[in-house]
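Spelled out from the first residue to the last, the chains are:
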Amino acid sequence: MGIKGRLRLISLIPIILLFFISSYLLYNSYIVYNQTEEIKKRLELNTYISDVITQVAKERGMTSIYLGSKGKLIKESLQQQREIVNKSINRLNKYLKSHPKFQKESKTYISSLKLLPEMRKKIDSLNIDFKKAFFDFYTYTINAPLINEIKKIEYFAISPEISSLATTYIQFVNSKEFSGIERGFISYVLARYTPMSDEEMKIWNQLIGKADSFANFSLIVNSTKEKIEKVLKKEDAKEILDDVSQTRVDIQRAVNDGIYPVDPTLWFNLQTEKIDIILKGEKILKDDLHLNVDNIAKTQLYTLIVSALVWFFSILVSIIGFFLARGIYKNINRLESVLKKVAESETIVQEKGEIESKLDLNTTEGINTAYEILETALKKAENAKQYAEEASKAKSMFLANMSHEIRTPLNGIVGFTELLKNTDLNEEQKEFVNIIEKSSENLLEIINAILDLSKIESNKIEIENIVFDPINEFENAIEVYAPKAAEKDINLALFIDPNLEKPLKGDPTKIKEVLINLVSNAIKFTDVGGSVSVEIKKLGNIEGKAKVYFEVRDTGIGIPAEKKAQIFEAFSQADISVTRKYGGTGLGLTISSEFVRLMGGQLNLESEVGKGSKFFFVLELEEIPTLTESLKDKYSGIKVAYYINESEPKDHNQYIKEYLEFLGVSFIPHTSITDLIADYSSYDFTILDYDYIQENNLKKFFARNIPVSLISKISHNKKVENFSDSLMRIIYEPVNYTKTKQLMQYYIGEYKKQKAKETKTLDISKIKFNAKALVVEDNAINQKLIKKTLEDFGLEVDLANNGLEGFEKRKNGDYDIIFMDIQMPIMDGIEATHEILDFEEDYGQQHIPIIALTAHALKGDREKYLGEGMDEYITKPIIRDEIAAILKKFLSDKIVTKEEKEYKKKREQKPQKETFILPDELEVEKKDIGVDYDKDILIAKKTLLESKLFKQLTDSLEYSSDIASSFDDLIDKISTKKYKIVFIDKEIDNYDLEKIKELKNSAKQETKYILFIDPNNEPTNEEIDIFDEIVKNVINKDLLRLIIEKFVSKGV
Amino acid sequence: MKFFIILILPFFAYASFFREGIVHYKQKNFEAALQAFQKAASQENSKNAYYFLGLFYLKGLGAQQDLDKAEKYLQIASSFGNERANCLLAEVIILKYKDFDKAKKILINGKKSGAYECQQIAKKYKIKL
């Protein structure tokens, strides 16, 4: 038998047992209960019958006297007794009528009772023999059937007690009857007063035995026994019974001669009293029988109810069990079918063959097979997972490592394509090269995106933690898209919170990449005439960090709700048609959202199809306190009017308002050109948007000499520049904070030629410190860099090549500040710091501030170095600002005022031609306002190859540059084009200092000339005079950057 | 003897005049018996006492023979079913009325009831039953 079968059996057997037991009990108790009911009914019947018997016996007795006295005695009493008998019979009949069952059985005795009237008549007429009347009729015909009916109670042997009681009861009934017979019979004899015949004697003896049988009753029910004995043992009862015995004896003595000394009436009455006693006993027995039966009935009723409940319960349980079992079997079957499916799968069949047929959850072997299958399946799954994980890991590692391998040849293609572009090519070749360039740029973009993604996946992306100027960086990033937006006539607006003046620490490259990606997408997916707005707001400060909110929103095609979730998944765009129409790899958003996530934010999206999309995220970036003062309210007092065309609202209206108000300028909006022109006296100048105003209206402003600053899209630049002479200034979209600032600067400086309310602030770049610094750095180039930078600030610099040297020097020297590199041989920066601190403590020396120099700029570094005992830290590549801030912090007492100082080195300051009223070294010099440079840098090195290499460097610093192929070309270029810096190699062929001098003096614009010389040579004094800077011919990107930064700002 | 009987008498449960009479009769104290039976008949309502009274007055026991009284008493006794009294009544009828037929009838009935007196009397008076 299978498991199911066994389960079934086990679960069903107890229920079935319960069911049968309860059924049996139910049936049994029902039967017995019914029996008790019957007994009770019978007892009731017996009461009636017993009464009839008693009365009939009395009638019989009286009849015997009547007959004996030949109708002389008790005639009236007899009649009365007959009435009593009739009444008793009626009651019996009435009872029988209401109990049809008994009625059926009563036919015998009822029919006998019907003979009474006839017999009575016969008796009345004295026409009957005594014996016939007495014995045949009354005793056998009438009473005997009645007694038989009573006897039926003995059949209900439902308990020994009941049986015993019933038997005793019958015994008493019999005794009563026979006492009655004895009474009547002997009365008759006594009245006759003749001797008894032998036959008569015999009869009497029999009668005596039966009449007295009641005295020897055996009853197991003690309570009843006691009651009866109490009755029988009572004084008067005893007396009566004794009298009866005695009288019998008297009569027996006289049977022969018939001289009975007993009066028949006396005898009759005595016997009647005895019968009464027997009756008492009979009643007790009847009552106790009734009681017992009642008790049993009660018990049986309880049993009946309980067994009925148990019976129902067992049925209920079996039904529930049935359904439960069915449910369980269903589940088992389902499990079996699932396992069968697994067993049929290829992997299992491969391993275990046709094991499916052995699967049977009903047998132990079958279950073992199931275990086998599951085990195999799990093992296979694990193997597969492992394999897949390994494969994925291998792929990621491969891609990450290949990053460099892939980019190098591509960079070669891109680089040299560009170089190729700059050679002499015909039109066709130029076209081809452009196509190649574009394709390779695209390819580079795609590969970068893929590699970035795989880097993210293999967790190789690191977030930098460097200082940057948010306004500058982000404005630059967005500015790149001005032409693209203008092409599609899209309003590009940029709001950077002026409150983000202070530098922040974070990863500007990644943030810019994200912004670029979002803006590029926005422009891509927005139709002509739409708008793209970028908002970067400072939400507040938390624990020294600024909470910055970034948002890019557009009025583009929007993203449907279903696609929103997918949009950040790699390679997905809203649908295939998007790729077809708009292009793109679909990787941008994935990478962007990962970058944002790694920086601690989350890239969110809100979008509605047809209305536009909004991408936004919040980053927490550390704020760096600066020494530059805020420009807030710097230009208070100036009023600027602004025209808003209400039917074509633009986002940048609000932004410009906020920029101006931050700067303290009163912003006066106008919605009507005529009003604007009319109110001319109430403002200083007005800003107009070329999208809103036509040339004829503009001319009205020019006619009234109202100063106008015009906002325009870059696509209209040709048109707008036609009347640039009449305009105060042109601003190209997107209007950002810097441009607004510059506008105000220009107004104040150039246009107004009056000093606005401003404060003089310290010009960091010209500040000098009279102090001595120790630089501990193992790399020679870095040494030079730092030394140069510090010397620019006026410090005297000593060098040490490793930690140990540094420690020694510090012990012996007298420095104001120490710059300590971390990664050094022999002794590293941290160890050296510990040594110095110990030394200072042991010898009670004054602590010299130690500044950590580190190449890595990861999060947590600052805390780590400060923890090691350092006072501050800066990252390489060094930024002048940071150095300045640190020097100011630690050497504030060593500041020297703005005096020119002679240095023993070859450098000398050029006389300043311009006065810097407004500080901020990242600013374009005032004189540069309104001047257009062709390129930032002109490179003239000895060989073309060197120049090209040099150009690569400057390109990587994001400066625009030209190469002069020869000295003549150099002269040529300087004459015809405007550059910010010219790098000249002294070794160049035809090097002519005079010509350079000529050029320099004749040139109107400010171009810086920088000379490269052989490291072994020294410059001449004249050269020192002419050139702004002389550099040893060492190509080092950072050094170069420092030099260039000194003289030029990054292209706007 | 009298004294002895009077002592014993109380021990009889239903010590009655009738019993007393029977005791006296058995002891042939007919006068005492007669008295007792008379008391029994009047006070105790004893019907069988009349039989004895009749008997005594018939046989002249304890008193002078008095056929009238005998007849009276025996008839009473007989009416109450005393068969013996019937037989004696038959003799009284013979003696007083010389009515042998009536007597015969009575004697026949009496024989049926088992009273041997009837046979005796029939024998005595040579009546065939």
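Keep in mind the model is a prediction, meaning the values are calculated, not measured.

**Student:** So what exactly am I meant to see when it comes to the overall build of chain B here?
**Tutor:** Secondary structure summary: chain B contains eight helices and zero strands in total. Scored against the burial criterion, the 129 residues of chain B give a buried share of 46%. Restricting to contacts in chain B with at least 6 residues of sequence separation, those with at least 24 account for 41%.

**Student:** Hey, could you run me through the overall build of chain A in this one?
**Tutor:** A tally of regular secondary structure across chain A gives 35 helices and 24 strands. Burial statistics for chain A: of 1052 residues in total, 33% are counted as buried. For chain A, restricting intrachain contacts to residue pairs at least 6 apart in sequence, the fraction spanning at least 24 positions comes to 72%.

**Student:** Sorry if this is basic, but what is going on with the sheet that holds strand 14 (residues 772-776) of chain A here?
**Tutor:** Residue and element names in this part refer to chain A. Taken together, five strands build an open sheet; the order of strands is 15-14-16-17-18 and the sheet is parallel. Edge strands, defined here as strands with exactly one partner in the open sheet, are strand 15 (796-800) and strand 18 (872-875). Direction aside, the axes of adjacent strands within the sheet are offset by 20° on average. Bridge analysis of strand 16 (residues 817-821) against strand 17 (residues 850-854) gives four bridges, and the strand direction is parallel. Bridge assignment links Ile 818 to a residue of strand 17, and that residue is Ile 850. On the sheet, helix 26 (residues 780-792) packs against strand 14, strand 15 and strand 16 and is oriented at approximately 165° with respect to strand 15.

**Student:** Is there a simple way to explain the sheet that holds strand 24 (residues 1029-1032) of chain A in this structure?
**Tutor:** Sheets are built from strands that pair by backbone hydrogen bonding, the pairs being arranged parallel or antiparallel. All names here are of chain A. Ordered by their spatial adjacency, five strands build an open sheet running 21-20-22-23-24, and the pairing between neighbours is parallel. Here the strands that pair on one side only, and so sit at the sheet edges, are strand 21 (961-963) and strand 24. Taking the axes of each pair of neighbouring strands and ignoring which way they run, one obtains an average angle of 20° across the sheet. Here five bridges tie strand 22 (residues 979-985) to strand 23 (residues 1008-1013), and the two strands are oriented parallel to one another. Within strand 23, the residue paired with Val 982 across the bridge is Tyr 1009. Relative to strand 22, helix 35 (residues 1037-1047) is tilted by about 140°, and along the sheet it contacts strand 22, strand 23 and strand 24.

**Student:** Would you explain the packing of helix 9 (residues 222-233) of chain A against helix 11 (residues 264-344) of chain A in this entry?
**Tutor:** Axes are the key here: two packed helices are described by the angle between their axes and the distance separating the axes. All names here are of chain A. One can describe the packing of helix 9 onto helix 11 by two numbers: an axis separation of 10 Å at closest approach and a directional angle of 165°. When the axis of helix 9 is compared with that of helix 11, the two are roughly antiparallel. The handedness of the crossing between helix 9 and helix 11 comes out as right-handed. Of the residues in helix 11, those touching helix 9 at Thr 224, Lys 227, Ile 228, Val 231 and Leu 232 are Ile 277, Lys 280, Gly 281, Ile 284, Leu 285 and Asp 288.

**Student:** Which parts of the structure should I look at to understand the nonpolar core?
**Tutor:** Across soluble globular proteins, you tend to see nonpolar side chains buried next to one another. Phe37(B), Phe52(B), Leu53(B), Leu74(B) and Ala90(B) are the most contacted members of the largest nonpolar core, which totals 111 residues. Residue contributions to this core peak at 15 residues, all from helix 1 (residues 3-68) of chain A. Those residues within four positions of Phe37(B) in sequence are excluded, and the remaining contacts are Gly21(B), Ala49(B), Phe52(B) and Leu53(B). Core analysis: the next-biggest nonpolar cluster, separate from the first, contains 74 residues, Val532(A), Ile536(A), Val708(A) and Val735(A) among them.

**Student:** Could you clarify how one ought to interpret the interface of chain B and chain A in this entry?
**Tutor:** For an interface, size is often stated in terms of accessible area lost upon the parts coming together. Across the boundary between the two partners, chain B contributes 18 residues, which contact 18 residues of chain A. Every element with two or more residues in the side of chain B that touches chain A is listed here: helix 2 (17-26), helix 4 (47-59) and helix 6 (83-97) of chain B. Of the residues contributing to the side of chain B that touches chain A, the split by class is seven nonpolar, seven polar and four charged.

**Student:** For this particular structure, what's the right way to read the packing of helix 2 of chain B against helix 4 of chain B?
**Tutor:** All names here are of chain B. Between helix 2 and helix 4, the least distance of the axes is 10 Å, while the angle of their chain directions is 30°. Taken as axis vectors, helix 2 and helix 4 run roughly parallel relative to one another. Considering how the two elements wind past one another, helix 2 and helix 4 form a crossing that is left-handed. Counting all contacts with helix 2, which are made through Phe 18, Gly 21 and Tyr 25, the residues of helix 4 involved are Asn 48, Ala 49 and Phe 52.

**Student:** Looking at this structure, how should I read helix 4 of chain B?
**Tutor:** Working note: α-helix, 3.6 residues per turn, so residues spaced by three or four point in the same direction. Residue and element names in this part refer to chain B. For helix 4, built from 13 residues, the straight-helix expectation of 18 Å at 1.5 Å per residue is met to within 8% by its first-to-last C-alpha distance of 19 Å. For helix 4, every residue scored as buried is listed here: Lys 47, Asn 48, Ala 49, Tyr 50, Tyr 51, Phe 52, Leu 53, Gly 54, Leu 55, Phe 56, Tyr 57 and Leu 58. The inward-facing, buried residues of helix 4 contact helix 2, helix 3 (30-44), helix 5 (67-79) and helix 6.

**Student:** Even after reading the chapter, I still don't get the pairing of strand 16 of chain A, so can you show me in this structure?
**Tutor:** Along any regular strand, the residues point their side chains to alternate faces of the sheet. Residues and elements named next belong to chain A. Within strand 16, five of the five residues are buried, which leaves it mostly tucked inside the rest of the structure. Side chains of strand 16 alternate between two faces, with Ile 817, Phe 819 and Asp 821 and Ile 818 and Met 820 buried alike. Judged from the four bridges that link them, strand 14 and strand 16 form a sheet pairing that is parallel. Opposite Val 776, over in strand 16, you have Met 820 as the bridge partner. Remark: the strand 16/helix 28 (residues 829-842)/strand 17 crossover connection has right-handed handedness.

**Student:** Looking at this model, I keep getting lost on the confidence of the model for chain B. Mind explaining?
**Tutor:** Detailed reading of the predicted model is not advised wherever pLDDT is low. Residues and elements named next belong to chain B. Mean pLDDT over chain B works out to 80, with 88% of the residues at or above the 70 mark. In the model, residues 8-13 has pLDDT below 50 throughout and makes six contacts with residues more than four positions away in sequence or in other chains. Across the predicted assembly, pTM comes out at 0.45 and ipTM at 0.85.

**Student:** What is the right way to read helix 7 (residues 100-113) of chain B from this model?
**Tutor:** Residue and element names in this part refer to chain B. If you check helix 7, its first and last C-alpha atoms are 20 Å apart, about what 14 residues at 1.5 Å a residue would give, namely 20 Å. Taken together, the buried positions of helix 7 are occupied by Ala 103, Ile 106, Leu 107 and Gly 110. Along helix 7, the residues classed as buried sweep out an arc of 100° about the axis, all on the same side. What points out from helix 7, more than 90 degrees from its buried face, is the exposed set Asp 101 and Lys 112. Structurally, helix 7 contributes buried residues whose contacts are with helix 6 and helix 8 (116-124). Phi turns positive one or two residues past the end of helix 7, at Gly 114, with a value near 95°.

**Student:** I would appreciate a short explanation of the environment of Ser337(A) in the present structure.
**Tutor:** All names here are of chain A. Relative to the assigned elements, Ser 337 resides in helix 11. Looking at Ser 337, the number of C-beta atoms within 10 Å reads 11, which means it is exposed. As a C-alpha pair, Ser 337 and Leu 359 span 22 residues in sequence and 9.5 Å in three-dimensional space.

**Student:** Looking at this model, I keep getting lost on the environment of Asn717(A). Mind explaining?
**Tutor:** All names here are of chain A. As for its placement among the helices and strands, Asn 717 is situated in helix 24 (residues 717-722). Judged by local crowding, Asn 717 falls into the partly exposed class, with 14 C-beta atoms found within 10 Å. Put simply, Asn 717 and Ile 730 are 13 residues apart on the chain and 9.3 Å apart in space, counted from C-alpha to C-alpha.

**Student:** Just checking my understanding: could you explain the environment of Ile93(B) for this structure?
**Tutor:** Residues and elements named next belong to chain B. Along the chain, the position of Ile 93 falls in helix 6. Along the sequence, Ile 93 and Lys 104 sit 11 residues apart, while their C-alpha atoms lie 10.0 Å from each other. Sequence-distant contacts of Ile 93, defined by excluding residues within four places in its chain, comprise Asp 99, Lys 102 and Ala 103.

**Student:** Explain the pairing of strand 5 (residues 545-554) of chain A here, please?
**Tutor:** All names here are of chain A. Across 10 bridges, strand 4 (residues 531-542) lies against strand 5 in antiparallel orientation. Paired with Ile 542 across the strands is Lys 545, a residue of strand 5. Connecting the antiparallel pair strand 4 and strand 5 is a turn made up of two residues, with Glu 543 showing a positive phi of about 50°. Where strand 5 lies against strand 7 (residues 612-623), 10 bridges are found, and the strand directions are antiparallel. In the sheet register, Val 548 faces strand 7, and the bridge partner there is Leu 619.

**Student:** Please clarify how unusual backbone geometry should be interpreted in this entry.
**Tutor:** Residue and element names in this part refer to chain A. Each neighbour pair has its own omega, and for Glu 733 with Pro 734 the value is 0°, a cis peptide bond. With respect to the helices, strands and loops of the structure, Pro 734 is situated in the loop between strand 12 (729-732) and helix 25 (737-752). Positive phi, close to 60°, is recorded for Asn 705, a residue that is not glycine. Looking at where Asn 705 falls in the secondary structure, it is placed in the loop between helix 23 (695-703) and strand 11 (708-712). Phi is positive for Glu 958, close to 65°, though the residue is something other than glycine. Its place among the elements puts Glu 958 in the loop between helix 31 (944-956) and strand 21. Residue classification places Glu 958 among the exposed positions, given that 10 C-beta atoms sit within 10 Å.

**Student:** Mind showing me how you'd approach the confidence of the model for chain A here?
**Tutor:** Residue and element names in this part refer to chain A. Scored by pLDDT, chain A has a mean of 83; 91% of the residues are at 70 or more. Mean pLDDT across the secondary structure elements of chain A bottoms out at helix 19 (residues 576-582), with 56, and peaks at strand 5, with 93. The low-confidence segment residues 754-762 (pLDDT under 50) makes 10 contacts with residues lying over four places distant or belonging to another chain. Predicted confidence for residues 899-930 stays below pLDDT 50, and this span has 32 contacts to residues more than four positions away or in other chains.

Conventions adopted
- Residues numbered from 1 in each chain as written.
- Chains lettered and ligands numbered in written order.
- Predicted model: local features only at pLDDT ≥ 70, side-chain atom pairs only at ≥ 80, totals over all residues.
- Helix = DSSP H or I, 4+ residues; strand = E, 2+ residues; numbered from the N terminus.
- Buried ≥ 20, exposed ≤ 12 C-beta atoms within 10 Å, placed from the backbone.
- Contact = placed C-beta atoms within 7 Å.
- Pairing = 2+ DSSP bridges.
- Axes fitted to C-alpha atoms, helices over the stretch in contact; angles between N-to-C directions.
- Parallel < 35°, antiparallel > 145°, perpendicular 65-115°, else oblique.
- Left-handed = near helix turned anticlockwise from the far one by under 90°.
- Core = buried A, V, L, I, M, F, W, Y, C linked by C-beta atoms within 7 Å.
- Nonpolar A, V, L, I, M, F, W, Y, C, P; charged D, E, K, R; others polar.
- Expected span 1.5 Å × (residues − 1).
- Right-handed = clockwise from strand over helix to strand, strands pointing away.
- pLDDT = per-residue confidence, 0-100.
- Arc of directions from axis to C-beta.

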